[in-house]
Amino acid sequence: MKYWIFPLLLALLANLGQAREMVVGMNERVLKRINEVQTLIDAEDYPGALAGLQAMQERSMSSYETAHVLNLQGYVLFQMDDMAGARDAYSRALEQPRLPESLKANLYLTLGQICLVEEAYVDAERNLRALLALSLEDQPDQEVMLANALIGQKRYDEALPLLQTAVAEMENAGKKPRENWLGMLAAVHFELNDLEAMRAVTHPGLVRIFDVGRSERGPYVVLELVEGEPLDEVLR
């Protein structure tokens, strides 16, 4: 049940790109250095950006400035495929006192997503629960991510109401639930051996389920036959 990781990685990259937005309350010296680092990041000179960020931390900065620098450092380390270093930078950013809730939410979200990509599900759950406790926007997305963390721990009974709530919130807002959300919901119903509930989950992008039942050999599912190339050939 790892099919949800790729969409999460895309969301993570989009979220990390917001790092440059947090600049309120910085003095001119720090802001100038951050802009210089941002230029290196835009040029994909990540080693140079990392060196600049590390040098900044040797100077006196406010807690907000330190958090922002560490936030950028986490982004740079992520781009350099140093997941452990990125997690450490974001965690140290969260340790700074008197941070705005918007920045804390961004850090909890990013840490939760990185932990999901790394399959560190317990840590992902901790960060995502802290994010949900802030009660900011995008609750359905956050509920689905928390459900991901619980699914990774095989806690399907706890993941189910989160997915159901997220789907209902989208439908109540007049929006269509995302295909991968419904795919996860169907998979959770399957893991809980609720085949009828799994059958009721429908979406144009999902293979239709025509019948479910049990035989002497165990449960079975009759699926729609989809014509096309074999998946292994498409993925080559």
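Just so we're clear, the structure is a prediction, and the values are computed from it rather than from any experiment. (Residues numbered from 1 in each chain as written. Predicted model: local features only at pLDDT ≥ 70, side-chain atom pairs only at ≥ 80, totals over all residues. Heavy atoms only, no water.)

## A word on the overall build of the protein chain
Alright, step 1. Within the protein chain one finds 12 helices and 2 strands.
Alright, step 2. Its helices and strands in sequence order give the protein chain the pattern α-α-α-α-α-α-α-α-α-α-α-β-β-α, from N to C terminus.
Alright, step 3. Within the protein chain, buried positions represent 44% of all 236 residues.
Alright, step 4. Considering only intrachain contacts with a sequence separation of at least 6, the fraction spanning at least 24 residues in the protein chain is 53%. (Helix = DSSP H or I, 4+ residues; strand = E, 2+ residues; numbered from the N terminus. Buried < 20%, exposed > 50% of the residue type's maximum accessible area, 1.4 Å probe, protein only. Contact = heavy atoms within 4.5 Å.)

## Describing the packing of helix H9 (residues 156-172) against helix H10 (residues 179-191)
Alright, step 1. It is the contact of H9 with H10, at a shortest axis distance of 10 Å, that shows an interaxial angle of 145 degrees. When you trace H9 past H10, the crossing you get is left-handed. Taken together, the residues of H10 that come into contact with H9 (itself represented by Tyr 156, Leu 160, Leu 163, Gln 164, Ala 166, Val 167 and Met 170) are Trp 181, Leu 182, Met 184, Leu 185, Val 188, His 189 and Glu 191.
Alright, step 2. Class assignment of the residues belonging to the contact of H9 with H10 gives a composition of 11 nonpolar, 2 polar and 1 charged. (Axes fitted to C-alpha atoms, helices over the stretch in contact; angles between N-to-C directions. Left-handed = near helix turned anticlockwise from the far one by under 90°. Nonpolar A, V, L, I, M, F, W, Y, C, P; charged D, E, K, R; others polar.)

## Details of the environment of Leu 134
Alright, step 1. Positionally, Leu 134 belongs in the loop between helix H7 (121-133) and helix H8 (139-152).
Alright, step 2. For Leu 134, a relative accessible area of 16% translates into the label buried.
Alright, step 3. Taking C-alpha positions, Leu 134 is 9.1 Å from Ser 102, a pair spaced 32 residues apart along the chain.
Alright, step 4. Dropping the residues within four chain positions of it, Leu 134 is found in contact with Glu 101, Lys 104, Ala 105 and Tyr 108.

## Focus on H7
Alright, step 1. Between the first and last C-alpha of H7 there are 18 Å, a value that for 13 residues agrees with the 18 Å anticipated at 1.5 Å per step.
Alright, step 2. Along H7, the residues classified as buried are Tyr 121, Ala 124, Glu 125, Asn 127, Leu 128, Leu 131 and Leu 132.
Alright, step 3. On the buried face of H7, the contacting elements are helix H5 (83-94), helix H6 (101-117) and H8.
Alright, step 4. Just past H7, the residue Ser 135 takes up positive phi, approximately 55 degrees. (Expected span 1.5 Å × (residues − 1).)

## Some points on unusual backbone geometry
Alright, step 1. The phi angle at Glu 119 is positive, at roughly 60 degrees, despite the residue not being glycine.
Alright, step 2. Relative to the assigned elements, Glu 119 resides in the loop between H6 and H7.
Alright, step 3. Given a relative accessible area of 38%, Glu 119 falls into the partly exposed group.
Alright, step 4. The phi angle at Lys 154 is positive, at roughly 60 degrees, despite the residue not being glycine.
Alright, step 5. Look at Lys 154 and you get exposed, because its relative accessible area is 62%.

## Here we look at the side chain of Glu 125
Alright, step 1. Mapped onto the elements, Glu 125 comes out in helix H7.
Alright, step 2. Not counting the four nearest positions on each side in its chain, Glu 125 is found in contact with Leu 146, Ala 149, Leu 150, Gln 153 and Arg 155.

## Overview of the pattern of salt bridges
Alright, step 1. Following the criterion strictly, the structure yields 9 salt bridges and no others.
Alright, step 2. The shortest N-O distance in the salt bridge between Arg 129 and Glu 125 comes to 2.9 Å. One end of the pair is Arg 129 and the other is Glu 125, both in helix H7 and 4 residues apart, which spans about a single turn.
Alright, step 3. Judged by relative accessible area, which is 10%, Glu 125 ranks as buried.
Alright, step 4. A salt bridge links Arg 155 to Glu 158; the nearest nitrogen and oxygen atoms lie 2.9 Å apart. (Salt bridge = Lys/Arg side-chain N within 4 Å of Asp/Glu carboxyl O.)

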